[in-house]
Amino acid sequence: MPKISIIVPVYNVEEYLSNCIESLLNQTFKDFELILVNDGSTDNSLEICKNYKNIDNRIRIVDKKNGGLSSARNAGLDVAKGDYIGFIDSDDYVHPKMYEILYKKIVENNAEISLCNFKKVHNYDKELLKTNENLEQKILTESMSNIEALEKMDEENGVVLIVAWNKLYKRDLFRNLRYRHGAIHEDEFIVHRILYDAKKVIYVKQPLYFYMQRDGSIMNNITKITRVDYLLALSDRIKFFNEKGLKHLQYKYEETYLYEIFRAYPNFERKKNYRKKLLLRLDFFKLINILKKNSCYSFKEKIVWIIFCLAPNLYINYKT
């Protein structure tokens, strides 16, 4: 069995896919399987996958109907055989020593997650891929407990903890977890659960992952409506922290959630995605039972919550 299963969701990325795959096949760490999940591509992405499979027997292809990023990651998880799991987005690429370093750090520290910093790029830069034989001597790391990692998620560089693709995970973390189907902010829905179950997290501060900025990517096309998913993810996080008794984290995200939902909802109302708006209000209505137990909220605020849930147009008129 391979030590690592690297899962790459693939959807219409023929321009970038070869660079991604080659950066993985050129890893100095060799004991891995590369699972390419073709998520219903309509361009030549599947043919590119097949061509690479013919030249490297570590590659496995999962060919499925289009279901989105979460669906593709889950399909890879369902067939993964490695002791550790990594995710890479198919338009990105990585340093040739990334998995060697992440594997060494996760093993020698007896951690459940190792992660590295990332660098935003606008093109394929071969200079970034030059192997530095002394790289490990320059590596700075930070060790965190699960609670410390959760506390750092909303700090300035907290995105390194939230995104899925710069990490190596113990496979057991996904035993009972899968990404949420159809969600845009899929990492936000699951990260608090993963980090909570990871008793130790090792952060490599060197940028070993290269995050391509392109016009067609999901994260560069986030609209106000898709932020409904972000708010639902925050709500899930509040419920989770309440369930685990992590009150300081629960209250921190309550503050963020309440600010975001009341600031954003009038903009959602001008859109036509009624199902998501209704889902947001129903979710908020259920969340009120948790929120009202926090003594820092006034009676007036709680009345506004009820108005918002039952009569959003009245709420908007009240606010304006």
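Located above this text is the structure these notes cover.
If you're wondering where the values come from, they're calculated on a predicted model, not measured in any experiment.

Cut-offs used in this document
Residues numbered from 1 in each chain as written. Predicted model: local features only at pLDDT ≥ 70, side-chain atom pairs only at ≥ 80, totals over all residues. Heavy atoms only, no water. Pairing = 2+ DSSP bridges. Helix = DSSP H or I, 4+ residues; strand = E, 2+ residues; numbered from the N terminus. Buried < 20%, exposed > 50% of the residue type's maximum accessible area, 1.4 Å probe, protein only. Phe/Tyr/Trp six-rings, centres within 6.5 Å; stacked < 30°, edge-to-face > 60°. Lys NZ or Arg CZ within 6 Å of the ring centre and 35° of its normal. Salt bridge = Lys/Arg side-chain N within 4 Å of Asp/Glu carboxyl O. Axes fitted to C-alpha atoms, helices over the stretch in contact; angles between N-to-C directions. Parallel < 35°, antiparallel > 145°, perpendicular 65-115°, else oblique. Left-handed = near helix turned anticlockwise from the far one by under 90°. Contact = heavy atoms within 4.5 Å. Nonpolar A, V, L, I, M, F, W, Y, C, P; charged D, E, K, R; others polar.

Participant: Just checking my understanding: could you explain the pairing of strand β9 (residues 200-212) for this structure?
Facilitator: Put simply, side chains in a regular strand alternate between the two faces of the sheet. Bridge count between strand β5 (residues 93-94) and β9: 2 bridges; the pairing is antiparallel. Bridge pairing in β9 places Val 94 opposite Tyr 209. Two elements, strand β6 (residues 113-121) and β9, share 9 bridges in a ladder whose sense is parallel. Counterpart to Ile 113 in the pairing with β9 is Val 201.

Participant: What's the story with helix α8 (residues 186-197) in this structure? I'm lost.
Facilitator: An α-helical turn contains 3.6 residues, so any two residues separated by three or four positions project in the same direction. α8 sits mainly inside the fold: 10 of its 12 residues count as buried. Glu 186, Asp 187, Glu 188, Phe 189, Ile 190, Val 191, His 192, Ile 194, Leu 195 and Tyr 196 are the residues of α8 that are buried.

Participant: I would appreciate a short explanation of the packing of aromatic side chains in the present structure.
Facilitator: Centre distance and the angle of the planes are the two values used to describe a pair of aromatic rings. As enumerated under the stated definition, the model contains 22 aromatic pairs in all. On the numbers, 5.6 Å between centres and 90 degrees between planes, the contact of Phe 87 with Tyr 179 is edge-to-face. With a gap of 92 residues between them, Phe 87 in strand β4 (residues 84-87) and Tyr 179 in the loop between β8 (167-170) and α8 connect regions that are remote in the sequence. Tyr 179 carries the same exposure label as Phe 87, and that label is buried. In textbook terms, an aromatic cluster arises when at least three aromatic residues are bridged by ring pairs, as seen for Tyr 257, Phe 262, Phe 284, Tyr 297, Trp 305 and Phe 308. The ring of Phe 87 is capped by Arg 73, whose NZ or CZ atom sits 5.6 Å from the centre of that ring. The residue whose ring lies beneath Lys 199 is Tyr 196, and the NZ or CZ to ring-centre distance is 5.1 Å.

Participant: Whenever I open this one, the pattern of salt bridges confuses me. Can you help?
Facilitator: Oppositely charged side chains can pair when the atoms bearing their charge come close. Under the criterion given, the structure shown has 18 salt bridges. Of the charged contacts in the structure, one is a salt bridge between Lys 252 and Asp 154, with a shortest N-O distance of 3.4 Å. With Lys 252 in helix α10 (residues 247-269) and Asp 154 in the loop between α6 (146-152) and α7 (159-162), the pair connects residues that are 98 residues apart, well separated along the chain. Residue class for Lys 252 comes out partly exposed when judged on its relative accessible area of 26%. Between Glu 260 and Arg 263 there is a salt bridge, and its shortest N-O distance comes to 2.7 Å. Here Glu 260 pairs with Arg 263, and both are found in helix α10, just 3 residues apart, close to one helical turn. We classify Glu 260 as buried; its relative accessible area is 13%. Residue classification places Arg 263 among the partly exposed residues on the basis of a relative accessible area of 42%. Counted as one network, the salt bridges with shared partners bring together Arg 73, Asp 89, Glu 186 and Asp 187.

Participant: Can you help me understand the packing of helix α9 (residues 227-244) against helix α11 (residues 274-291) in this one?
Facilitator: The angle between the axes and the distance between the axes are what describe a pair of packed helices. Running from N to C, α9 and α11 cross one another at 20 degrees; their axes reach a closest spacing of 10 Å. Classed by the angle they form, the pair α9 and α11 counts as roughly parallel. Between α9 and α11 lies a crossing of left-handed hand. Contacts between α9 and α11 involve Val 228, Asp 229, Leu 231, Leu 232, Ser 235, Ile 238, Lys 239 and Asn 242 on the former and, on the latter, Lys 276, Leu 279, Leu 280, Asp 283, Leu 287 and Ile 290. Partitioning the contact of α9 with α11 into residue classes produces 8 nonpolar, 2 polar and 4 charged.

Participant: Help me understand unusual backbone geometry, please; the structure alone is not making it clear to me.
Facilitator: Glycine aside, negative phi is the norm for most residues, and most peptide bonds take the trans geometry. Positioned with a positive phi, Asn 12 is a non-glycine residue whose angle comes to about 50 degrees. Relative to the helices and strands, Asn 12 is located in the loop between β1 (4-10) and α1 (17-25). In this structure, Asn 110 takes a positive phi of about 50 degrees despite not being glycine. The exposed category is assigned to Asn 110, whose relative accessible area is 56%.

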